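Each chain, letter by letter, is given below.
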Amino acid sequence: MLQTAFSQQPVATRAPERRPLVSYVLPVYNEQDGIAAFHTELTAALAGRPDLDFEMVYVNDGSADGSLAILKGLAERDDRVRIVDFARNFGHQIAITAGLDVARGDAVIVMDTDLQDPPRVSLELVDAWREGAEIVHARRRSRQDTVFKRTTAHLYYRVLRSSTEVDIPLDTGDFRLLDRRVADELRKYREKSRFVRGIVASMGYRQTEVAFDRDERFAGETKYPLRKMAKLAIDGVTSFSTVPLKMITRLGFVVLALSVLGILYALAMKFFRPDITVSGWTMLMVVVLFLGGVQMLSLGVIGTYIGRIYSEAQGRPLYLVREVIGGSRADD
């Protein structure tokens, strides 16, 4: 009878294991010439990973060309595509933030759509994540840019690393993977002058790197000209370092020491060589111009920090969204 009772119990069926969902956050600004090619290459790379599910969150950062129309076409043909359409241009770092706000994946990959970051490399980031890393940086082993761009980028990353309290990985942009837990924590950081790669590096967690060779831009022009690169560099330094303020203090002591020497020299010439005191006009002009330059530089650095305080005190939203296309708004 015992055997009969056991045989009558229903056999438990094991539920199929859910495949991990990987979200791609893809900022877009005037990329009409390259979006279709990027999406084709990305989907081709993803087709080789049937063990994963994917979604692609394109953030249209106020593009003035036909980028939005192309993205809408992609969303109609591919139900994995979601589009966050900004009301205006808010900038690359804000576009990344908006994508992170709506991405639903167990892991989130941030990358640009100009094909300089090869889609196939993103799957190497996924492999590193599945091995236990919570943040995976894509580090540029080589890059197909102008000599000026390569040189300035090389110098900038090393100066930034040496002048901040955060260990920011060298030669890494915004191409990286974040675990779901890390992405949720990153969403709590809402400062307006954003330097995402620095914020991520400062968060801790288990971090690793994947080296890759950066390709040449597929089409169009860079969306980070010298002016924007300079602004990003300033944001990076002022977001994670008070070194510029400390440099002003040190410079003040140097100027004070030089001023004391100048005063002693002027007094010595007054008492011991009164016959040539009129010739001190050159020295006077040098001192005045030097002090004036130091003062203007100091005011500029202090003004940068005050400007950041003013911007944060306004409490305005980071971005405005016109509409979200694809997926379900209930998931946002």
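Further remarks concern the packing of aromatic side chains. What the rule picks out here adds up to 5 aromatic pairs. With a centroid separation of 5.3 Å and an interplanar angle of 20 degrees, the aromatic rings of F86 and Y319 are classed as stacked. With F86 in strand β3 (residues 81-86) and Y319 in the loop between α11 (281-314) and β8 (321-325), this residue pair connects regions lying 233 residues apart in the sequence. The exposure class of F86 is buried, given its relative accessible area of 1%. Its relative accessible area of 17% is what places Y319 among the buried residues. Between F175 and F212, the ring centres sit 5.5 Å apart and the planes meet at 80 degrees, which makes this aromatic pair edge-to-face. Of the two residues, F175 sits in strand β6 (residues 172-179) while F212 sits in strand β7 (residues 207-214), which places them 37 residues apart along the sequence. Relative accessible area serves as the criterion here: at 3%, F175 is assigned to the buried category. Linked through ring pairs, F86, F90 and Y319 together constitute an aromatic cluster.

Counting buried residues in β6 gives 8 out of 8 residues, a clear majority hidden from the surface. When strand β4 (residues 107-110) meets β6, the two strands line up antiparallel, connected through 4 bridges. Its bridge partner being in β6, I109 is matched across the sheet by L177.

Take the side chain of E55 next. The topology assignment puts E55 in strand β2 (residues 53-60). In terms of polar contacts, E55 uses its side chain to reach the backbone amide nitrogen of R104, at 2.7 Å. Contact partners of E55, with chain neighbours within four places excluded, come to L21, V22, S23, Y24, R80, R82, V102, A103, R104 and G105.

Turning our attention to the environment of R130. Its place among the elements puts R130 in helix α5 (residues 119-130). The class of R130 is partly exposed, set by a relative accessible area of 43%. Taking C-alpha positions, R130 is 9.8 Å from P20, a pair spaced 110 residues apart along the chain. Beyond its immediate sequence surroundings of up to four residues, R130 is in contact with P20, R49, D51 and L52.

For the rest of this paragraph, the subject is the confidence of the model for the protein. Any segment with low pLDDT has predicted coordinates that should not be analysed in fine detail. Considering every residue of the protein, the mean pLDDT works out to 76; 63% of them sit at 70 or more. Within the protein, β4 carries the highest mean pLDDT (94), whereas helix α1 (residues 2-7) carries the lowest (44). For the stretch residues 1-7, pLDDT sits under 50, and the model shows 0 contacts to residues farther than four places along the chain or on other chains.

Together, V254, L258 and L261 line one region of the surface with nonpolar side chains, adding up to about 280 Å² of accessible area. Along the polypeptide, L261 turns up in helix α10 (residues 243-272). Given the relative accessible area of 54%, L261 is considered exposed.

The next thing to look at is unusual backbone geometry. At N30, a position not held by glycine, the phi torsion is positive, near 55 degrees. Inspection of the secondary structure puts N30 in the loop between β1 (21-28) and α2 (35-46). Judged by relative accessible area, N30 falls into the partly exposed class, the value being 23%.

The rules behind each value
- Residues numbered from 1 in each chain as written.
- Predicted model: local features only at pLDDT ≥ 70, side-chain atom pairs only at ≥ 80, totals over all residues.
- Heavy atoms only, no water.
- Phe/Tyr/Trp six-rings, centres within 6.5 Å; stacked < 30°, edge-to-face > 60°.
- Helix = DSSP H or I, 4+ residues; strand = E, 2+ residues; numbered from the N terminus.
- Buried < 20%, exposed > 50% of the residue type's maximum accessible area, 1.4 Å probe, protein only.
- Pairing = 2+ DSSP bridges.
- Polar contact = N/O pair within 3.5 Å; in protein donor to acceptor, adjacent residues only side chain to side chain.
- Contact = heavy atoms within 4.5 Å.
- pLDDT = per-residue confidence, 0-100.
- Patch = residues over 30% accessible without salt bridge, like charges linked within 9 Å, V, L, I, M, F, W, Y side chains within 5 Å.
- Areas by Shrake-Rupley, 256 points an atom, 1.4 Å probe, with all protein chains shown as cover.
- Salt bridge = Lys/Arg side-chain N within 4 Å of Asp/Glu carboxyl O.

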